[in-house]
Amino acid sequence: MSHDHEHEHHHHHDDDDVQEHRDHGAPLTEVELRVRALESLLVDKGLVDPAALDALIDTYETKVGPRNGARIVARAWVDGAFKRRLLEDGTASVAEHGFVGRQSEKLVVVENTPQTHNMVVCTLCSCYPWAVLGLPPVWYKSAPYRSRAVIDPRGVLSELGVEVPAATEVRVWDSTAEIRYMVLPERPAGTERMSEEQLAELVTRDAMIGVATVPQPAGGSR
Amino acid sequence: MNGAHDLGGMHGFGPVDIEPDEPVFHHEWERRAFALTLATGFLGKWNIDQGRFAREQMPPAEYLATTYYEHWLFGLQKLLNDLRLVSAGEQAAREKDPAAPAAPVTGFRVLAARDVDNALRTSRTSKADEDVAPRYKVGDRVITRNINPLGHTRLPRYARSKRGVVTLDHGVWVFPDTAGNGLGRTPQHCYSVRFEARELWGDAATSRDAIYIDLWDDHLEPA
């Protein structure tokens, strides 16, 4: 099965999975059956409210995501005073933007510079700053990343297209507590005349985890 | 516990495969497993550390062969079964027959849809209000304890008996190594401790690089 096919499947046929089962009578997979049975038991026992489940899913699927973090990064790039506050007290600074809540009781923002490259991992599970980045992607939770980020960070970065100069220090933050880490990536050259909103568009999730740099905009405003 | 979840420093898992334009969920059942886990967490019958420990108890071969939300599902079913909220027998019967009975439970305050926003915004799991004196200050040299508990711990295997330097004091937090085992909150200071890459991995590591790990007073001894 090609990787591209997998993507296609995930993107466009996700909800259709369930519909297809209904239409064609295909049996539920084992895990689908488990989840369906568990949900119906919890609802019957009055331990969960189905509407609350929908609200939780909607929150993390449509409201909270890496655009939150991108707005923080863009603000820090254009506002030196905000950047100083952000690096000093990330929790309070992102709360100014209303980004608070689960998996973000304390947020520490670490700055990438020509001298220091920071990247974030959770080797023991999947700790991730939900309030600013949303739910973590599959690769962040996967065995390859969790095993290698701490023993071979430069190898991982290189595979992902980030060549860290030998003179630059790599710092890996293993999120073993309830403190959450976000990387403030370097502002790319050629963006001096861009607005805060335009800058926010450039910032990627992976740059805020520290496994990518923010690319110079194509045909930038130099 | 020295489980399959404690992955830091292992070899052989292959390249990191980033999926472009990845959706938040890949299947409908993942959405439901995610929401069921969050919603039942608000019942207040277990803490976040017990939630993690339940997932860690998935048999290692199974843990490595299954996906992330399957780990969550395992942990949730284990907690519900252990607490006699949903028994394994009830679950098996309901999978076979959608009309199989559900034994009633009473006395729970259930998360309502209208409370979701507020619950998520104000949710605090682990920050402690107690005024506890720190045992270390920024700049102190420390050595991690050599512990191999059967229960839950947040001191990864790759960082035991290692020398580091305290770089940030995060304040007072619940201690997962007791809370996760049902042994109380034991509030104490948590620090970011810097370990040189060579201290952890030997001379083949780059001399300039470092790993920062959040650890609690009870993980550390003065060095």
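As the structure is a computational prediction, the values presented were derived from the model and not from experiment. (Residues numbered from 1 in each chain as written. Chains lettered and ligands numbered in written order. Predicted model: local features only at pLDDT ≥ 70, side-chain atom pairs only at ≥ 80, totals over all residues.)

1. Quick word on the overall build of chain B
Each helix and strand in chain B was counted, giving eight helices and five strands. Mapped in sequence order, the helices and strands of chain B form the string α-α-α-α-α-α-β-β-α-β-α-β-β. With respect to the principal axes defined by its C-alpha atoms, chain B has extents near 60 × 45 × 35 Å. Across the 223 residues of chain B, 40% fall into the buried class. Sequence-distant contacts, at least 24 apart, represent 64% of the contacts inside chain B between residues at least 6 apart. (Helix = DSSP H or I, 4+ residues; strand = E, 2+ residues; numbered from the N terminus. Buried ≥ 20, exposed ≤ 12 C-beta atoms within 10 Å, placed from the backbone. Contact = placed C-beta atoms within 7 Å.)

2. Concerning the sheet that holds strand β1 (residues 141–144) of chain B
One open sheet holds the seven strands; their spatial order is β2(A)-β3(A)-β4(B)-β3(B)-β2(B)-β1(B)-β5(B), and the pairing between them is mixed. Of all the strands in the sheet, the pair left with one neighbour each is β2 (116–121) of chain A together with β5 (220–222) of chain B. The mean inter-strand angle of the sheet, taken between neighbouring strand axes irrespective of direction, is 40°. With three bridges joining them, β1 of chain B and strand β2 (residues 163–173) of chain B adopt antiparallel strand pairing. Bridged to Val-142 of chain B within β2 of chain B is Gly-164 of chain B. (Pairing = 2+ DSSP bridges. Axes fitted to C-alpha atoms, helices over the stretch in contact; angles between N-to-C directions.)

3. Some remarks on the domain arrangement of chain B
All names here are of chain B. If you check the domain split of chain B, you get domain 1 (28–122) and domain 2 (141–222). The centre of domain 1, based on its C-alpha atoms, is set 29 Å off from the matching centre of domain 2. Taken together, the contact between domain 1 and domain 2 spans six residues of the former and six residues of the latter. In terms of residue class, the side of domain 1 that touches domain 2 is built from one nonpolar, two polar and three charged. (Domains from an automatic or database assignment. Nonpolar A, V, L, I, M, F, W, Y, C, P; charged D, E, K, R; others polar.)

4. Considering the interface of chain B and chain A
By a widespread convention, an interface's size corresponds to the accessible area lost as its parts come together. Each side of the interface is counted separately: chain B has 76 residues, and chain A has 72 residues. Sorting the residues of the side of chain B that touches chain A by element identifies α1 (28–41), α4 (68–82), α5 (88–96), α6 (116–122), β2 and β4 (210–216) of chain B as the ones contributing at least two each. The dominant element in the side of chain B that touches chain A, judged by the number of residues it contributes, is α1 of chain B, at eleven residues. Taken together, the residues that form the side of chain B that touches chain A break down as 43 nonpolar, 14 polar and 19 charged. Note that strand β3 (residues 169–174) of chain A and β4 of chain B share four bridges and pair parallel. Note that in β4 of chain B the partner of Asp-174 of chain A across the bridge is Ile-213 of chain B.

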